[in-house]
There are 2 protein chains.
Amino acid sequence: MKMMNLFRNWTFSPPQFLAIGFGLAIIFGTLILMLPWSTTGTITWMNALFTATSATTVTGLVVVDTGSDFTVFGQVVIMILIKIGGLGLMTFAIMTVLVLGKRIGLKERVLLQEALNQHSIGGVVRLIKILFIFSMVMELIAAVLLSFRWVPEYGWGFGIYTSIFHSISAFNNAGFSLWSDSLSGYVGDPVINLLITFLFITGGIGFTVLYDVMTTKKFRFLALHTKIMLVGTLIVNLVAVIIIFLLEFTNPLTLGGLSLGDQIWASYFQAVTPRTAGFNTIEIGDMNPGSIVFTLLLMFIGAGSASTGSGVKLTTFLVIILAVMTYLQGKQEPVIFSRRIGNEIVNRAMAIVVISVTVVFISILALSISEPAAPFMLIVFEAFSAFGTVGLSMGLTGDLSELGKQIIIVLMFIGRIGPLTLAFALAKSSKPLVSYPKGDVFTG
Amino acid sequence: MKMMNLFRNWTFSPPQFLAIGFGLAIIFGTLILMLPWSTTGTITWMNALFTATSATTVTGLVVVDTGSDFTVFGQVVIMILIKIGGLGLMTFAIMTVLVLGKRIGLKERVLLQEALNQHSIGGVVRLIKILFIFSMVMELIAAVLLSFRWVPEYGWGFGIYTSIFHSISAFNNAGFSLWSDSLSGYVGDPVINLLITFLFITGGIGFTVLYDVMTTKKFRFLALHTKIMLVGTLIVNLVAVIIIFLLEFTNPLTLGGLSLGDQIWASYFQAVTPRTAGFNTIEIGDMNPGSIVFTLLLMFIGAGSASTGSGVKLTTFLVIILAVMTYLQGKQEPVIFSRRIGNEIVNRAMAIVVISVTVVFISILALSISEPAAPFMLIVFEAFSAFGTVGLSMGLTGDLSELGKQIIIVLMFIGRIGPLTLAFALAKSSKPLVSYPKGDVFTG
Ligand SMILES: [K+]
Ligand SMILES: [K+]
């Protein structure tokens, strides 16, 4: 009876509920991965927890080899965790409720609204239904297309299986691969390049954007958010392709030895994967320091809101740039596509970026202490990759100390939950009791 | 006649004038340092430009050894450039006008107001007079006190000379030393530790703070800015001492071999020097990776407004933290010491931090390309040090390529002028012609 009351009057806020949900999925995943039929050999608790976290947060950083150290059963568990993490635990929970035929209460709707960044509560349930079906259809079609490439190469069994695995991993921006060198074997393969990037760009642009594009006929009738995401993604990806190409085409370890066609495919792939897919077709650790630093920025920016990707989000990044430019020009509010961006959106974006920078900075500091022998660039790269749930690595993941693994686990979790969500979950809301006079401070 | 009109109707904004002034001082300094009697051997144009920029921007990064490669004449030139840079070119220019007995026009006053961050134009001239006398008196007293320590050690000539040099270098947060290992010879010396840190903390806290403290009797009557700077400096320094001590006291290369007393002196010195003095009493390159990363943060935060230091400024840092915490708590405006911090101050702080991060990021990217063989940590440290006009180095400065030197020169210049000043100088102010409806964007 007391237990019932506890449930009825729970005081979890939506962000807290989201965090707890993800946490439970990770714990559950860890337990299953510890089962003897999950792995070909043995696995430590820490490595199982790391793998479960990496899968649920759709990161893709690995301490053990997905293809050889896990059995097919273990790999399917990883696939399910990716699906849970990609669609969002909330969506998943709601779907369960729908399947059980129960109506969704207001509390769950608010929760879902938070997860999908949807402003109106009405239609959210319908949206989730569409999202679930849409993702399944996307993954299925992509798997079929991929199997045209991989069945001839690997035969029916593994060919179809690896197509499904990589389709799910790509659409959910998980970056898990059954090959230890990710997709390096297909650096110049147009089919693999196009299909995989199409999957993770689609998954990463955000479901509300896709929904808007599918239900709106003309560009000018699209929502402001959709317009910014479409144009922003196009510009950022285009700029990234050019920069990666220019920085790498003379590097003998990466693009130097390839034909021009393969160079362009590889530049394209490495330009779009950091925001936050995590597959790679060239060895990340072989790239020039300049490309690495540029990749850090892309990993920090990340994907779109309400997507399978993380990072501070492309819109956050663009809003901040726009706000600073507006401030410098002495104007009042940022304007884009003939719409004003309100102060509350700018403040929110600022909070996200500041908290994100703080989280990444503390992680780098902690990793510097836990991995004193590791080159600094590898540490910085690993921290950005984990926070953006990207999954690219310069090779540090496997060499991490136990403390280092714990730091990355926490970082992936915060990265996927969203630093702002976490901060809200921790912060206590309060109303000011007194009104104070304005003060003056010089800044800079 | 045309020339006269050009001067009368100049269209330089104060920030542009400030940037041009600093530029002229650097060019002038470079030319003098190229004179044969400035150096004991020969010096390249690039190294002369680097030294002149480092001195004028009170940074302290050196490509040639100040003590051995420059003659006393060259060192005096560096001292004068430090004095010009430390007090600000504007202050210096105004003083010249005062000495010449001319009255100061409104245009110059506005310029000065910008340089000193003073809000009211009235009293600025008087303030400058006090500033000039105050700095001279401070440097003189400190030089006398230092000579009590250094005359017995080095005799009258070099003893007094080195006391004056280090007094001026410390008060102006320049970090230039006549010893190639900076103040490492005095790691446990209480007199040197106390005098030098007192000088650069006083110089770095901002003249308006000092003036306020000297003319106000009670703490609660102090200006808000003064209160924040005093309490903020105390807390940040205290935390920094503890963190540096904890991270380094077992490191055999730095504090490990010292007595507990010397360990505390060394922790104190290395905790307060990064915000932006630039002297050191232990080898920076020998510190643990954790201490290095923590030092990056201190270098980025920097000193106070209207001071001889740079960085984004302690108040900027605190305002941002406060604003984010306020946002998380769902309150309207940040409150500190019973005063509200207005939106325009928060926006300004945000612009400073965003532009600063952008500048540092681009520099790290550029240095990664120009110094492909250099360890990443050395590059990152050098960029933060140059931007904050700190002058600490892990040893990269002397090994920089010519392109790398150019990058650091530009970075020191931007760091001292202030990224916001520079951005304003570049940005075109404009009023919006149309009022747009509000749009909605999801961020994060
Ligand atoms: K990923
Ligand atoms: K300095």
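These numbers come from a predicted model, not from an experiment. (Residues numbered from 1 in each chain as written. Chains lettered and ligands numbered in written order. Predicted model: local features only at pLDDT ≥ 70, side-chain atom pairs only at ≥ 80, totals over all residues. Heavy atoms only, no water.)

(A) Quick peek at the overall build of chain A. Summing up its helical and strand segments, chain A has 19 helices and three strands in all. Classification of the 444 residues of chain A by burial places 57% in the buried group. Put simply, chain A shows about 18,400 Å² of open surface, and 70% of that area lies on carbon and sulfur atoms. (Helix = DSSP H or I, 4+ residues; strand = E, 2+ residues; numbered from the N terminus. Buried < 20%, exposed > 50% of the residue type's maximum accessible area, 1.4 Å probe, protein only. Areas by Shrake-Rupley, 256 points an atom, 1.4 Å probe, with all protein chains shown as cover.)

(B) Highlighting unusual backbone geometry. Cis geometry marks the peptide bond from Arg275 of chain A to Thr276 of chain A; its omega dihedral reads 5°. Counting through the fold element by element, Thr276 of chain A comes out in the loop between helix H13 (260-272) and helix H14 (289-301). With a phi close to 40°, Thr389 of chain A is a non-glycine residue in the positive phi region. Despite not being glycine, Asn173 of chain B shows a phi value in the positive range, around 55°. Mapped onto the secondary structure, Asn173 of chain B falls in the loop between helix H9 (156-171) and helix H10 (190-204). Under the relative-accessibility criterion, Asn173 of chain B is labelled buried at 0%.

(C) Spatial organisation of the coordination of the potassium ion (ligand 2). Residues and elements named next belong to chain B. In this structure, Val58 (O), Thr59 (O), Asn173 (O), Thr276 (O), Ala277 (O), Thr389 (O) and Val390 (O) serve as the protein donors to the potassium ion (ligand 2), at separations of 2.5 to 2.9 Å. Each donor residue of the potassium ion (ligand 2) lies on one chain, and together they are spaced V-T-x113-N-x102-T-A-x111-T-V. Val390 gets classed as buried once you look at its relative accessible area, which sits at 0%. (Donors = N, O, S within 2.8 Å, 3.2 Å for Na, K, Ca; no water.)

(D) Summary view of the nonpolar core. Within the largest apolar cluster, 174 residues are counted, with the highest numbers of intra-cluster contacts made by Leu183, Ile196, Ile364 and Phe376 of chain A together with Ile196, Ile364 and Phe376 of chain B. Sequence-distant contacts of Phe376 of chain B, defined by excluding residues within four places in its chain, comprise Val293, Leu296, Phe376, Met377 and Val380 of chain A together with Ile364 and Ser368 of chain B. The next biggest cluster of nonpolar side chains, apart from the first, holds 27 residues, and it includes Ala19, Val64, Ile84 and Phe176 of chain B. (Core = buried A, V, L, I, M, F, W, Y, C linked by side-chain atoms within 4.5 Å. Contact = heavy atoms within 4.5 Å.)

(E) Examining the packing of helix H5 (residues 72-87) of chain B against H9 of chain B more closely. All names here are of chain B. It is at 10 Å that the axes of H5 and H9 come closest, and there the two elements cross at 25°. Comparing their axes, H9 and H5 come out roughly parallel. In this structure, H5 crosses over H9, and the sense of that crossing is left-handed. Together, Val72, Gln75, Val76, Ile78, Met79, Ile82 and Lys83 of H5 and Tyr161, Ile164, Phe165, Ile168 and Ser169 of H9 make up the contact between the two elements. The residue inventory of the contact of H5 with H9, partitioned by class, reads nine nonpolar, two polar and one charged. (Axes fitted to C-alpha atoms, helices over the stretch in contact; angles between N-to-C directions. Parallel < 35°, antiparallel > 145°, perpendicular 65-115°, else oblique. Left-handed = near helix turned anticlockwise from the far one by under 90°. Nonpolar A, V, L, I, M, F, W, Y, C, P; charged D, E, K, R; others polar.)

(F) Summary view of helix H17 (residues 376-387) of chain B. All names here are of chain B. Between its first and last C-alpha, H17 extends 17 Å over 12 residues, near the 16 Å set by a 1.5 Å rise per residue. Burial runs high along H17: 12 of the 12 residues are buried. Taken as a whole, H17 has its buried residues at Phe376, Met377, Leu378, Ile379, Val380, Phe381, Glu382, Ala383, Phe384, Ser385, Ala386 and Phe387. Of the residues one or two after H17, Thr389 is the one with positive phi, at around 40°. (Expected span 1.5 Å × (residues − 1).)

(G) Seen up close, the coordination of the potassium ion (ligand 1). All names here are of chain A. Protein-derived ligands of the potassium ion (ligand 1) are Val58 (O), Thr59 (O), Asn173 (O), Thr276 (O), Ala277 (O), Thr389 (O) and Val390 (O), with the metal-ligand distances lying across 2.5 to 2.8 Å. Ordering the donors of the potassium ion (ligand 1) by residue number gives the pattern V-T-x113-N-x102-T-A-x111-T-V. Of this pair, Thr59 sits in the loop between helix H3 (45-56) and helix H4 (66-69) while Ala277 is found in the loop between H13 and H14, placing the two residues 218 residues apart along the sequence.

(H) Quick peek at the pattern of salt bridges. Throughout the structure, instances matching the rule amount to eight salt bridges over all chains. Asp189 of chain B is the salt-bridge partner of Arg149 of chain B, the closest N and O atoms lying 2.4 Å from each other. With Arg149 of chain B in helix H8 (residues 124-154) and Asp189 of chain B in the loop between H9 and H10, the pair connects residues that are 40 residues apart, well separated along the chain. On the basis of relative accessible area, Asp189 of chain B is assigned to the buried category, the value being 11%. Through salt bridges with shared partners, one network takes in Arg149, Glu153 and Asp189 of chain A. (Salt bridge = Lys/Arg side-chain N within 4 Å of Asp/Glu carboxyl O.)

(I) Examining empty space enclosed by the protein more closely. Counted by the stated rule, this structure contains three cavities of 30 Å³ or more. Estimates place the volume of the largest cavity at around 100 Å³. Counting only elements with at least two residues in the lining of the largest cavity, the list comes to helix H10 (190-204) and helix H12 (224-248) of chain A. In the lining of the largest cavity, the residues fall into six nonpolar, five polar and one charged. As a volume, the second largest cavity reaches approximately 90 Å³. Mapped by element, the contributors of at least two residues to the lining of the second largest cavity are H10 and helix H12 (224-248) of chain B. In terms of residue class, the lining of the second largest cavity is built from six nonpolar, five polar and one charged. (1 Å grid on protein atoms, 1.4 Å probe; cavity = no way out; pocket = protein on both sides within 12 Å on 5 of 7 lines; lining within 4 Å. Points joined across faces, edges and corners; volume = space filled by probe spheres on them.)

(J) Representation of the confidence of the model for chain A in the model. Residues and elements named next belong to chain A. Put simply, chain A has an average pLDDT of 83, and 83% of its residues get 70 or more. Put simply, helix H1 (residues 2-8) is where chain A has its lowest mean pLDDT, 45, and helix H17 (residues 376-387) is where it has its highest, 96. Overall, residues 1-10 carries pLDDT values under 50, and its contacts beyond four positions in sequence, including any with other chains, amount to three contacts. Below pLDDT 50 for its whole length, residues 429-433 participates in four contacts with residues either more than four positions away or in separate chains. (pLDDT = per-residue confidence, 0-100.)

(K) Here's a closer look at the packing of helix H16 (residues 343-370) of chain B against helix H18 (residues 402-417) of chain B. Residue and element names in this part refer to chain B. Viewed as axis vectors pointing N to C, H16 and H18 meet at an angle of 170°, and their least axial separation amounts to 9 Å. On the basis of the axis angle, H16 is roughly antiparallel to H18. For the pair H16 and H18, contact is made by Val359, Ser363, Ala366, Leu367 and Ser370 and by Leu403, Gly404, Ile407, Ile408, Leu411 and Ile414, respectively. For the contact of H16 with H18, the class distribution of residues is eight nonpolar, three polar and no charged.

(L) Quick look at the packing of aromatic side chains. Tallying each qualifying case throughout the model produces 28 aromatic pairs over all chains. Seen from their ring centres, Phe245 of chain A and Phe249 of chain A are 5.2 Å apart, and the 5° between their planes marks the pair as stacked. When its relative accessible area of 35% is taken as the criterion, Phe249 of chain A is described as partly exposed. Here Phe300 of chain B and Phe384 of chain B contribute two aromatic rings whose centre-to-centre distance is 6.0 Å and whose plane-to-plane angle is 65°, an arrangement assigned as edge-to-face. Here Phe300 of chain B is found in helix H14 (residues 289-301), whereas its partner Phe384 of chain B is found in helix H17, with 84 residues between them in sequence. Phe384 of chain B shares its class with Phe300 of chain B; the two are buried. Joined through ring pairs, the aromatic side chains of Trp150, Tyr154, Phe158, Tyr161, Trp179 and Tyr186 of chain A make up one cluster. Looking at Lys83 of chain A, its charged tip hangs above the ring of Phe132 of chain A, at a distance of 6.0 Å from the centre. (Phe/Tyr/Trp six-rings, centres within 6.5 Å; stacked < 30°, edge-to-face > 60°. Lys NZ or Arg CZ within 6 Å of the ring centre and 35° of its normal.)

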